[in-house]
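So you can see what is in the structure, the chains are spelled out below.
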Amino acid sequence: MEALNDSTRSTERIFSRMRVMAGNAKSELLPDSVVVPTPGTEIFCHISDSRILSPAGFDHLISLSHKTATTVGSVAWNLVEKAGLPARAPGRAVCRKLGISEVVGGRVIYQSHPNLMEHYFAKPGVASIPEPQPMDAIYSNVVTVFGIGKLPIIGATLASAVTCAAVWPVAILLPIPALVPFLCVLAIASSVLCAKLEKWSQRAFFAEDPREVVLDEVAGMAVTLAIAGAGASVPAILVAFFAFRFFDIFKFGVHWIETTGWQGMIVWDDVLAGIYAGILTLGVLWLL
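Nothing here was measured: the structure is a model prediction, and the numbers come from that model.

Novice: Would you mind showing me how to read helix α7 (residues 198-205) here?
Specialist: Since the α-helix packs 3.6 residues into each turn, any two residues three or four apart lie on the same face. All buried positions along α7 are accounted for by E198, W200, S201, Q202 and F205. Structurally, α7 contributes buried residues whose contacts are with α1 (8-22), α4 (136-143), α6 (176-196) and α10 (265-287). Positive phi appears at F206, one or two residues downstream of α7, with a value of about 50°.

Below, the structure is given as structure tokens:
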């Protein structure tokens, strides 16, 4: 078996999964060489290339692909290396810069390890995996915006871009006084759906803030466009897009809302980023 070289972020991700499964139950992460949890443990994860037998007093919950933390820059650079581009090709220079960027290239993503699995065990009654329901496929398409959120790298950015692309033809047909209410309805509807489906999303994707959920990006982008009142002008929509992505990535003034513990935290940071981006877009459009 390959040596396990997990990062702190990957470990935090596993404990986040166990919190989703079992709340505040005492949890533990076991390396491959250990197969018995310490006394008092109620739920644990064992990482290995093969599943162990359930220890006495524990039930096997689920096995998931083990994902290790990496950066967008590293993934981009690896793709360029595999493509075998010449040393002076523009793509190599761009990806080299992305690889050292603390904001873009430094953004953390998770890649499945080819040989390792995460096996979750819990004491009876402590945790459970929800049974498939008829509405699951519909809910998944809604929160991932028809699968965009399941893309490995650019799900959030693409969801924002798709929102702009979908709004543009509507903006051509509607005057500004009618367009803004339309965007407000889109922002409110997507925000409410995000908040309502937050618990379902956490259980479905085994994460407290699932990266697969990109409906919050639709909400934030709609807020930006509504405040800016961006009409059919492509430059105006582009300004709104880049302004929203700026605040969504940098999160200037946004982090405080994540400490409130409000229901629907999966979306409120994007809504706040959208408010800031809308105000910035208004200023830029006024200057232009």
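On we go.
Novice: Would you mind going over the pattern of salt bridges with me for this structure?
Specialist: Once their charged atoms are close, side chains differing in charge can pair, the charge on each being opposite to the other. If you walk through the whole model with that rule in mind, you get six salt bridges. The residue E118 makes a salt bridge to R17 at a minimum N-O spacing of 2.6 Å. Taken together, the residues span a long stretch of sequence, with E118 in strand β4 (residues 108-122) and R17 in helix α1 at a distance of 101 residues. Summarising the burial analysis for this pair, E118 and R17 share the class buried. Within this structure, E217, R245, D248, K251 and D269 form a network of salt bridges that share partners.

Novice: Quick question: what am I supposed to make of the packing of aromatic side chains here?
Specialist: On inspection of all chains with the given rule, the structure shows 10 aromatic pairs. Measuring from centroid to centroid gives 6.2 Å for W200 and F205, while their planes differ by 90°, and the two rings are edge-to-face. Under the relative-accessibility criterion, F205 is labelled buried at 14%. Pairing F246 with F250 gives two aromatic rings, centres 4.7 Å apart and planes at 35°, and the pair type is tilted. Of the two residues, F246 and F250 both sit in helix α9 (residues 234-250), four residues apart, roughly one turn of that helix. We note R13 situated over the ring of Y110; from NZ or CZ to the ring centre the distance is 4.7 Å.

Novice: What is the right way to read the packing of α4 against α7 from this model?
Specialist: Between two packed helices, the angle of one axis relative to the other and the distance separating the axes together describe the packing. In contact at an axis separation of 11 Å, α4 and α7 are set at 100° when each is read in the N-to-C sense. By the angle class used here, α4 and α7 are roughly perpendicular. Here D136, Y139, S140 and V143 of α4 lie close against α7, whose contacting residues are W200, S201 and F205.

Novice: What exactly am I supposed to notice about the pairing of β4 here?
Specialist: As defined by bridge partners, strand β2 (residues 43-48) adjoins β4 across six bridges and the pair is classed as antiparallel. Each bridged residue has a counterpart across the sheet, and for I43 the counterpart in β4 is A122.

Novice: I keep staring at the layout of surface pockets and nothing clicks. Help me out?
Specialist: Left-over empty space is what a probe sized like a water molecule reveals as it rolls over the atoms. Here the second largest pocket defines a volume of roughly 260 Å³. Mapped onto the lining of the second largest pocket, the elements with two or more residues apiece are α1, α7 and α10. Classifying every residue of the lining of the second largest pocket gives four nonpolar, three polar and seven charged.

Novice: Would you mind going over the nonpolar core with me for this structure?
Specialist: For soluble globular proteins, the rule of thumb is that nonpolar side chains tend to be buried together. Residues L183, M221 and L225 are the most contacted members of the largest nonpolar core, which totals 22 residues. Among the secondary structure elements, those contributing two or more residues to this core are α5 (155-173), α6, α8 (215-228), α9 and α10. In terms of residue count, the dominant contributor to this core is α9 (seven residues). Each residue touching M221, except ones within four places of it in the same chain, is listed here: S160, T163, C164, A240, F241 and F244. Core analysis: the next-biggest nonpolar cluster, separate from the first, contains 19 residues, V218, A219, V223 and V267 among them.

The rules behind these values
Residues numbered from 1 in each chain as written. Predicted model: local features only at pLDDT ≥ 70, side-chain atom pairs only at ≥ 80, totals over all residues. Heavy atoms only, no water. Buried < 20%, exposed > 50% of the residue type's maximum accessible area, 1.4 Å probe, protein only. Helix = DSSP H or I, 4+ residues; strand = E, 2+ residues; numbered from the N terminus. Contact = heavy atoms within 4.5 Å. Salt bridge = Lys/Arg side-chain N within 4 Å of Asp/Glu carboxyl O. Phe/Tyr/Trp six-rings, centres within 6.5 Å; stacked < 30°, edge-to-face > 60°. Lys NZ or Arg CZ within 6 Å of the ring centre and 35° of its normal. Axes fitted to C-alpha atoms, helices over the stretch in contact; angles between N-to-C directions. Parallel < 35°, antiparallel > 145°, perpendicular 65-115°, else oblique. Pairing = 2+ DSSP bridges. 1 Å grid on protein atoms, 1.4 Å probe; cavity = no way out; pocket = protein on both sides within 12 Å on 5 of 7 lines; lining within 4 Å. Points joined across faces, edges and corners; volume = space filled by probe spheres on them. Nonpolar A, V, L, I, M, F, W, Y, C, P; charged D, E, K, R; others polar. Core = buried A, V, L, I, M, F, W, Y, C linked by side-chain atoms within 4.5 Å.

Just geometry here; none of it tells us what the structure is for.
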